[in-house]
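Each chain, letter by letter, is given below.
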Amino acid sequence: MATQLLSARTTAMRKPKAPKANRARILAAAVAEFASRGFKGASMDAIAARTSTTRALINYYFGSKEKLYLAVLERVYAEIREAERHLELDHLPPEEAIRRIVEFTYNYYVEHEDFVHLVVAENQARGRHMKRSPTLRTINRPIIDLLGGVIARGQADGAFRSDVDPIDVHMAIAALGICNVTNQFTFGAIFQRAMGAKGDVPGRRRRVADIILRWLTPEFVR
């Protein structure tokens, strides 16, 4: 009997196999769980069930529910920033480069609703979890640098106003794009018009780009 107990304890203490694959599966399940339920509503047991693992194994990899949630936020923000890195804007005129950024962002929100839901959930939590992750500030800096470079080129050739802040531009693009996902059901109910992936994605995406570009032009009157 003692031998059996020792054997069971030794097995439990062994490091799990395929740690990289296990972490990836847990993170993927956690993205879906936190996106659908938010931090408070999300269940570690549900995440374990989704991955056929245990809470103990999740804690082994991530330490706690909050640390797992922060890992989820870091992952989804890293993914959009990595995708932006491949936009290849240097050869485009500034106006076309801005249009490509806007269209990419609009499409990304439509195609990655979990990302949008996580952003909304963390805003409802007043960003208190995100504030504990310096990594997230580093991860998100490249989009500002990317926009800043394009805007600087546009200012140099007279296409864009001189008083434009890249962070303001990023905020405007995000707001106009994310609304299509976050408000799709309320707007749909009120105005009887499809939004989100079921709406007129090309048309609305083009109008958002037009709005941003009009704002950037020197002729724009505030």
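To be clear, the structure that these remarks concern was listed above.
Residues numbered from 1 in each chain as written. Predicted model: local features only at pLDDT ≥ 70, side-chain atom pairs only at ≥ 80, totals over all residues. Heavy atoms only, no water.

Undergrad: Quick question: what am I supposed to make of the packing of helix α2 (residues 19–41) against helix α4 (residues 55–62) here?
TA: Helix-helix packing: each pair is described by the crossing angle between the helix axes and the interaxial distance. Two numbers describe how α2 lies on α4: the axes approach to 11 Å, and their chain directions differ by 105 degrees. Relative to α4, the element α2 is oriented roughly perpendicular. Contacts between α2 and α4 involve P19, N22, R23, I26 and L27 from the former and I58, Y61 and F62 from the latter. Across the contact of α2 with α4, the residue classes tally to six nonpolar, one polar and one charged. (Axes fitted to C-alpha atoms, helices over the stretch in contact; angles between N-to-C directions. Helix = DSSP H or I, 4+ residues; strand = E, 2+ residues; numbered from the N terminus. Parallel < 35°, antiparallel > 145°, perpendicular 65-115°, else oblique. Contact = heavy atoms within 4.5 Å. Nonpolar A, V, L, I, M, F, W, Y, C, P; charged D, E, K, R; others polar.)

Undergrad: Where do I start with the packing of aromatic side chains in this structure?
TA: The description of an aromatic ring pair uses the distance of the two centres, along with the angle that the planes make with each other. Under the defined criterion, the tally for this structure stands at nine aromatic pairs. The interplanar angle of 75 degrees and the centroid separation of 5.2 Å between the aromatic rings of Y77 and F115 together place this pair among those described as edge-to-face. Linking Y77 in helix α5 (residues 65–84) with F115 in helix α7 (residues 113–124), this pair joins segments that are 38 residues apart in sequence. Summarising the burial analysis for this pair, Y77 and F115 share the class buried. With centroids separated by 6.0 Å and ring planes inclined at 85 degrees, the aromatic side chains of Y108 and F115 adopt a geometry described as edge-to-face. (Phe/Tyr/Trp six-rings, centres within 6.5 Å; stacked < 30°, edge-to-face > 60°. Buried < 20%, exposed > 50% of the residue type's maximum accessible area, 1.4 Å probe, protein only.)

Undergrad: What's the story with the side chain of E122 in this structure? I'm lost.
TA: Here E122 is to be found in helix α7. We note that E122 is buried and unpaired, the nearest opposite charge coming from R128 at a distance of 7.0 Å. Of note is the side chain of E122, whose polar atom sits 2.8 Å from the side chain of Y69. When residues no more than four places from it in sequence are discounted, the contact partners of E122 are Y69, L73, G127, R128, H129 and M130. (Lys, Arg positive; Asp, Glu negative; His and termini not counted. Salt bridge = Lys/Arg side-chain N within 4 Å of Asp/Glu carboxyl O. Polar contact = N/O pair within 3.5 Å; in protein donor to acceptor, adjacent residues only side chain to side chain.)

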